[in-house]
Amino acid sequence: MSTMTSTVSSTVSSPVSVALFGGGRGGAGIARALLRTPGTSLSLLVNGYDNGLSTGALRRWLPGMLGPSDFRKNLLLHLDPGDPRHTLLERRLPPGATPADLDALIGDVAATGPAAAARELRVVADRLAARPGGLDLADCALGNLVFAGAYLRLGEDFNAAVRACARTFGSPVRLLNVTGGENAFLIALKQDGRVLADEADIVAPQDGVAITGLFLLREPLSAADRAALAGRPAERVRELLTRRSATVTPNPEALRALAEADLIVYGPGTPHSSLLPSYLTPGLAEALSGSGAGSGARSGAGSGAAARVFVVNVGGDHDVQGLTATDLVDRTLAYLGDPGNERATITHVLSGRGAGAPAVPARVLDRGSWAGARWISADLEDPARPGAHRGPRTAEALLAVLGEAPLARAG
């Protein structure tokens, strides 16, 4: 079994570019620690398929827009809770909130800043005034409304809105949507043929029947669609969902970030909502194929990263009941089109020892490898937040992996 004890300062002494796949909060501690590591630049790759509660209401109000909530959460990484920008991003409108309440809040934002945030909120207020009754403002995060305003102001270009909001809130992260911004709706298929009809259902408490497929659809499933699919065999449901697939493209900036990265991290989070859907993006598989030094893969197109590390969750999630840590590695490889890891899509696996973490088979710990990737075990759980990574220690372990690169692939 491999363990990781090296320190960041002893393993990395030159500037390091890190590309991290993440969601809303699962990898936040790691991202914060990387941001605070001198000489480290961070690109964060996120998908926009969230549609829970107020985010879902906002997407229904603006057909064509992806979900901004995970992007909003990642704008908090560099902000202390007492920072007015943090307060603005997280503040929610109360039950029964009206457009008049939003108008009053815009005045407060204009007085305290950022001025650009007040501008975006005014765009939303103007749309509400022109089309009254279309959006229930109850529990809407102001940060999500800032994204919506930027989206409208910039010609309904979601990725342009992400860039604008990153500037507005002074983010030092290269925050990137994995796709070109095309709207799509996430659906999951269970082994018995049942459908989890949206992202909110995927992350909700559920029974232990495994999720066996993820789909990005052009339109959300209606109640009639769900009724028509109910009771059909799983393979027939899979066929019907595939026919309704959305066409998405990769974000060129995301591909560029992967090409420029020294270290690629498949971060922790809710796998079937935050992570695996990102890997469905066309072009990512090729961008992640190992061609860096010591990867053991053929030379040519693909990532030049010295290490591509899968970080196993230190806690459990509703969507992965019964799955082991190696199952999650295998699913990631399958979604990235490299089921045997022949292209060194993953060079290392970093797993914690938390009681709630997905189990690691003893043979894997004994051998120190899985699917050709080196398996590293370390104490990574935050004692103050069970189920979450201790950011500094995990960042230290990741950069120590990079400090040891290039490494031959495990046998």
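The structure under discussion appears in the preceding block.
Note that this is a predicted model, so its numbers are computed, not measured.

Backbone torsion omega between Gly113 and Pro114 reads -5 degrees, so that peptide bond is classified as cis. With respect to the secondary-structure elements, Pro114 resides in the loop between α6 (99-112) and α7 (115-130). The phi dihedral of Asn341 falls on the positive side, at around 55 degrees, and the residue is not glycine. Residue position: Asn341 is located in the loop between α16 (325-335) and β10 (348-351). A positive phi angle is found at Ala344, which is not glycine, with a value near 55 degrees. Residue position: Ala344 is located in the loop between α16 and β10.

Each aromatic ring pair is described using two quantities: the centre-to-centre distance and the angle formed by the ring planes. Within this structure, the stated rule accounts for 4 aromatic pairs. Residues Phe21 and Tyr266 carry aromatic rings whose centres are separated by 5.8 Å and whose planes lie at 5 degrees to one another, so their mutual orientation is stacked. One end of the pair, Phe21, is in strand β2 (residues 16-21); the other, Tyr266, is in strand β8 (residues 263-266), with 245 residues separating them in the sequence. Per residue, the accessibility class of Phe21 equals that of Tyr266, and both read buried. Between Phe71 and Phe158 the ring centres are 5.3 Å apart and the planes differ by 75 degrees, which places this aromatic pair in the edge-to-face class.

A few words on the pairing of strand β3 (residues 40-46). Two faces make up the sheet, and in a regular strand the side chains alternate between them. Judged by how many residues are buried, β3 sits mostly within the fold: 6 of 7 residues are covered. One ladder, built from 6 bridges, connects β2 with β3; its direction is parallel. What sits directly across from Ser17, in β3, is Ser41. Chirality of the crossover, the property in question, places the unit of β2, helix α2 (residues 28-35) and β3 among those that are right-handed. Here 4 bridges tie β3 to strand β4 (residues 174-177), and the two strands are oriented parallel to one another. Each bridged residue has a counterpart across the sheet, and for Leu44 the counterpart in β4 is Leu175.

Relative orientation of the contacting elements α2 and helix α18 (residues 391-404) amounts to 65 degrees, with a least axis distance of 8 Å. Our classification of the angle between α2 and α18 gives roughly perpendicular. Judged by the sense of rotation from one axis to the other, the crossing of α2 with α18 is right-handed. Here α2 contributes Gly29, Ile30, Ala33 and Leu34 to the contact with α18, which in turn contributes Gly391, Pro392, Thr394, Ala395, Leu398 and Leu399. Looking at side-chain class alone, the contact of α2 with α18 contains 7 nonpolar, 3 polar and no charged residues.

Procedures and definitions
Residues numbered from 1 in each chain as written. Predicted model: local features only at pLDDT ≥ 70, side-chain atom pairs only at ≥ 80, totals over all residues. Heavy atoms only, no water. Helix = DSSP H or I, 4+ residues; strand = E, 2+ residues; numbered from the N terminus. Phe/Tyr/Trp six-rings, centres within 6.5 Å; stacked < 30°, edge-to-face > 60°. Buried < 20%, exposed > 50% of the residue type's maximum accessible area, 1.4 Å probe, protein only. Pairing = 2+ DSSP bridges. Right-handed = clockwise from strand over helix to strand, strands pointing away. Axes fitted to C-alpha atoms, helices over the stretch in contact; angles between N-to-C directions. Parallel < 35°, antiparallel > 145°, perpendicular 65-115°, else oblique. Left-handed = near helix turned anticlockwise from the far one by under 90°. Contact = heavy atoms within 4.5 Å. Nonpolar A, V, L, I, M, F, W, Y, C, P; charged D, E, K, R; others polar.

The values reported here are purely geometric and, on their own, carry no functional implication.
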